[in-house]
Amino acid sequence: MVILKSQHEIEIMRKANLIVAEVLQELRLLVAPGISTIDVDRFAEEYVKKKGVKAAFKGYNGFPSSVCASVNNVVVHGIPSARKVLKDGDIIGVDF
């Protein structure tokens, strides 16, 4: 089934996705060896707070974070942690 969106709904989605694009662009510059995944999450949460919005993941089905930070062998939905500090050569996927 295809649900058609109204022009108003499309504009709301456009505004939200522009913020998502901004956050991911900023995170691209932030992520580097020595940063913890919880610091990545905190940055994203503060960024959207300043925009007056809330991250979609935060609180969804009890998910505790604003981003999913999946490092190396974690395929998807990695929960940010202060214990997971990125090292040179790590591969990180950040979903926001």
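Caption draft 1: Geometry of helix α1 (residues 7-30). Relative to the 34 Å expected for 24 residues at 1.5 Å per residue, α1 spans 35 Å between its end C-alpha atoms, a close match to the ideal helical length. Listed as buried for α1 are I19, V23 and L27. In this fold, the buried residues of α1 make contact with α2 (37-51) and β2 (92-95).

Caption draft 2: Spatial organisation of α2. The end-to-end C-alpha distance of α2 is 22 Å, a good match for the 21 Å that 15 residues give at a rise of 1.5 Å each. Among all positions of α2, only T37, I38, V40, D41, A44, Y47 and V48 are buried. Check the buried side of α2 and you find it contacts α1, β1 (68-71) and β2. Phi for G52, located one or two positions after α2, is positive at around 80 degrees.

Caption draft 3: Here's a closer look at the packing of aromatic side chains. Under the defined criterion, the tally for this structure stands at two aromatic pairs. Centroid distance F43 to Y47: 6.0 Å. Interplanar angle 35 degrees. Geometry classified as tilted. Here Y47 and F43 lie together in helix α2, a separation of four residues that amounts to about one turn. What makes F43 partly exposed here is its relative accessible area of 28%. Measuring from ring centre to ring centre gives 6.1 Å for F57 and F63, while their planes differ by 55 degrees; the resulting arrangement is tilted. Here F63 falls in the buried class, since its relative accessible area comes to 15%.

What counts as what
- Residues numbered from 1 in each chain as written.
- Predicted model: local features only at pLDDT ≥ 70, side-chain atom pairs only at ≥ 80, totals over all residues.
- Heavy atoms only, no water.
- Helix = DSSP H or I, 4+ residues; strand = E, 2+ residues; numbered from the N terminus.
- Expected span 1.5 Å × (residues − 1).
- Buried < 20%, exposed > 50% of the residue type's maximum accessible area, 1.4 Å probe, protein only.
- Contact = heavy atoms within 4.5 Å.
- Phe/Tyr/Trp six-rings, centres within 6.5 Å; stacked < 30°, edge-to-face > 60°.

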